[in-house]
Amino acid sequence: MLITIFGFAGFAMILDKFAFNFMFLRLWQFSTGFCALFWSKIQSNKLPNKAEPNDVSSWLPLTKEDVVTISLCILSLCLLPRNVEVLVLRPLVTLFTAVIIACDAPNVQLWKSETLVYIGDISYILYLVHWPVISIFLATTIRSYVFCILTILIASILLHHLFEKQYLKLPMGAVFPLIFLLIGANAYLQYSIRNDSFWNMRLPDETREIIDKNRILYVSLWDVEARKDKCIETDTDTPFPKSSLKGYCRYPPGNGSISIMMLGNSYVMNLGEHIRAHFNYNYSDYRYLSVLANYGLYSDHTLESAQALQFSKNQVELYKPDVLFVVSRYMENIKNPIQNNDPIVRQINETIAFYEKFVKKIYILDAHPMYHENFLNLFLHYVITRPDDLDVLHLDKKLADDEMRPVRKRFAEIKCKKCHFFDLSHVFVEGDKYLTFDKETLMAYVDNSVHLTGPGVQLCEPVFEKVAKDIMNSF
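Reading the values: the criteria
- Residues numbered from 1 in each chain as written.
- Predicted model: local features only at pLDDT ≥ 70, side-chain atom pairs only at ≥ 80, totals over all residues.
- Heavy atoms only, no water.
- Phe/Tyr/Trp six-rings, centres within 6.5 Å; stacked < 30°, edge-to-face > 60°.
- Helix = DSSP H or I, 4+ residues; strand = E, 2+ residues; numbered from the N terminus.
- Buried < 20%, exposed > 50% of the residue type's maximum accessible area, 1.4 Å probe, protein only.
- Lys NZ or Arg CZ within 6 Å of the ring centre and 35° of its normal.
- pLDDT = per-residue confidence, 0-100.
- Contact = heavy atoms within 4.5 Å.
- Disulfide = S-S within 2.5 Å.
- Core = buried A, V, L, I, M, F, W, Y, C linked by side-chain atoms within 4.5 Å.
- UniProt positions renumbered as here; feature names shortened; annotations may be inferred.
- Axes fitted to C-alpha atoms, helices over the stretch in contact; angles between N-to-C directions.
- Parallel < 35°, antiparallel > 145°, perpendicular 65-115°, else oblique.
- Left-handed = near helix turned anticlockwise from the far one by under 90°.
- Nonpolar A, V, L, I, M, F, W, Y, C, P; charged D, E, K, R; others polar.
- Expected span 1.5 Å × (residues − 1).
- Bend = angle between axes of the 7 residues up to and from the residue.

### Topic: the packing of aromatic side chains
Going through the model one piece at a time under the given rule, you end up with 20 aromatic pairs. Ring geometry for Tyr 251 versus Tyr 286: centroids 6.0 Å apart, planes at 65°, classification edge-to-face. Here the residue Tyr 251 occupies a position in the loop between strand S1 (245-250) and strand S2 (259-264), and Tyr 286 occupies one in strand S3 (residues 285-291), the gap between them amounting to 35 residues. Note on Tyr 251: relative accessible area 1%, which makes it buried. Taking 5.7 Å as the distance between ring centres and 35° as the angle between the ring planes, the aromatic pair formed by Phe 325 and Tyr 363 counts as tilted. Residue Phe 325 is located in strand S4 (residues 323-327), and its partner Tyr 363 is located in strand S5 (residues 361-365); the two are separated by 38 residues in the primary sequence. Of the two residues, Phe 325 and Tyr 363, both sit in the buried class. Three or more aromatic residues link up through ring pairs in this structure, and these residues are Tyr 251, Phe 279, Tyr 281, Tyr 283, Tyr 286, Tyr 288, Phe 325, Tyr 363 and Phe 422. A cation over an aromatic ring shows up here: Arg 287 above the ring of Tyr 319, its NZ or CZ 3.6 Å from the ring centre. Lying over the aromatic face of Phe 354, Lys 313 brings its terminal NZ or CZ to 5.8 Å of the ring centre.

Quick look at the structure:
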């Protein structure tokens, strides 16, 4: 069990946004604390051994108090004004917090502070209460921050004294009925929120109209828009489970002489039909393939990604298109700092060298800002609760550019005579922000799964038109 949890832990440290919303990826920290507490209880229940000193380890010339002091110094790294790499800081803080718990050193002066003891008593309630309060009430004003802090503190203190301290006194026979009662109450509350009109908010007509217009954006763009043409091929053999093949299509032959292939991940589905439309059937063959974890140029650390890349190579070798589009959202390891003799750059150059044997032109989607997951939910939440603070949802351009910089540095090292990059990020720029919604119509540019919505793709149409014209004029 612990091996599984710590395996999840490594994944959690790499994909922190996913970890935040997935409870099992936090269990490694809870488990570490539990093991440390369990160890301290075992040690305290041991009969004293006269042959060994109480405070000094037989193999380490330090007392428990010394170990605790060292651990506290390491924990103080959290207070540094300079950010420490999360892959280093998070395990260190977890490990040395566990060391402090395991030492169970009562003579440390810091532990005798009644204030710190009380903060420790209410800390778990603080942990549970803070996020709902922040999600519902936090705005960008100082008044809002003060309100949220006071609400969290007061609610935590009340719940600690009126509920937590009381149920801790209950005998075991009464704990299980209380748990079942709470589960039942939660289930009824969830049902009631979804079905009873009591919970419906009375919103102004203008706000209701904005919500209704954005509701259609919950469905992926490629599922909402009708295809202009029916695919004549929709399936092929794959080295991975068919569930990973999100789309495979060969369109009916067009009126031109150019053969085109588009490959990548779900962004092929998101943007592909809009790109194809600008060719006005001026092609002989047009096909696409959309595969989970397929970045077209490199693979990440998973087997599925490596298989998707090999599948892409096989398709290019098989059909030898004149023009190859690589349309992917670049995630995971390509955003890590670039290294000397970077392995990702090497793999990209190897892949492109392979493609160049069979194609005449390669068009690659450049790096794009990373949007918030579940952005559409967040946007509508702000529309309802904080309409005056909507501008905070736009992306800070400097921060977004910093995140994209490693990707662009790697692309700058590509050795390719047939490659062309097309950038979509610039159409969303306004001042020092990347826009995430239309300021006039209040239509979101991004859905919940970090894909562009219809209004977002509409901004990209001039780029698609220019790319299509460049291709048609060059053949």
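### Details of the confidence of the model for the protein
When the pLDDT values of the protein are averaged, the result is 86; 84% of them are 70 or greater. Contacts for the low-pLDDT stretch residues 1-14, under 50 throughout, to residues beyond four places or in other chains number 23 contacts.

### Comments concerning the state of the cysteines
What the rule picks out here adds up to two disulfides. Here Cys 231 connects covalently by a disulfide to Cys 249, the sulfurs 2.0 Å from one another. Handedness of the Cys 231-Cys 249 disulfide follows from its S-S torsion of about -105°: it is left-handed. One end of the pair, Cys 231, is in the loop between helix H10 (221-224) and S1; the other, Cys 249, is in strand S1, and 18 residues separate them in sequence. One exposure class covers both Cys 231 and Cys 249, and it is buried. Cysteines bonded in the protein are numbered consecutively along the chain; their disulfide partners then correspond to 1-2, 3-4.

### Some remarks on the nonpolar core
Among the nonpolar cores identified, the biggest contains 91 residues, and Leu 271, Phe 279, Phe 325, Phe 379 and Phe 422 are the most heavily contacted of them. Ranked by the residues each element gives to this core, the list is headed by helix H16 (residues 454-473), at eight residues. Setting aside anything within four residues of it in sequence, one finds Leu 271 in contact with Val 327, Leu 365, Leu 424, Leu 452, Val 457 and Phe 464. Ile 125, Val 133, Leu 138 and Cys 148 belong to the second largest nonpolar core, which has six residues in total.

### As for the UniProt feature "transmembrane region" (unreviewed entry) in the protein
Annotation from UniProt places "transmembrane region" (unreviewed entry) at residues 92-111, 117-138, 145-163 and 175-193. Secondary structure content for residues 145-163 is 100% helix and 0% strand, and the end C-alpha separation is 26 Å. As a span, residues 175-193 carries 100% helix and 0% strand, and end to end its C-alpha atoms are 27 Å apart.

### A look at the environment of Ile 216
The topology assignment puts Ile 216 in the loop between helix H9 (205-215) and H10. Taking the C-alpha atoms as reference, Ile 216 lies 9.6 Å from Thr 453; in sequence the two are 237 residues apart.

### Overview of the packing of helix H6 (residues 114-137) against helix H7 (residues 142-167)
One can describe the packing of H6 onto H7 by two numbers: an axis separation of 8 Å at closest approach and a directional angle of 130°. If you check the angle between H6 and H7, you find them oblique. Crossing of H6 over H7 shows right-handed handedness. Residue composition of the contact of H6 with H7, grouped by class: 15 nonpolar, six polar and two charged.

### Thoughts on H7
The periodicity of an α-helix, 3.6 residues per turn, causes residues three or four positions apart to be oriented the same way. Between its first and last C-alpha atoms H7 spans 36 Å; for 26 residues at 1.5 Å apiece the expected length is 38 Å, and the two agree. The largest bend in H7 amounts to roughly 45° and is located at His 160. Lining the buried residues of H7 we find H6.

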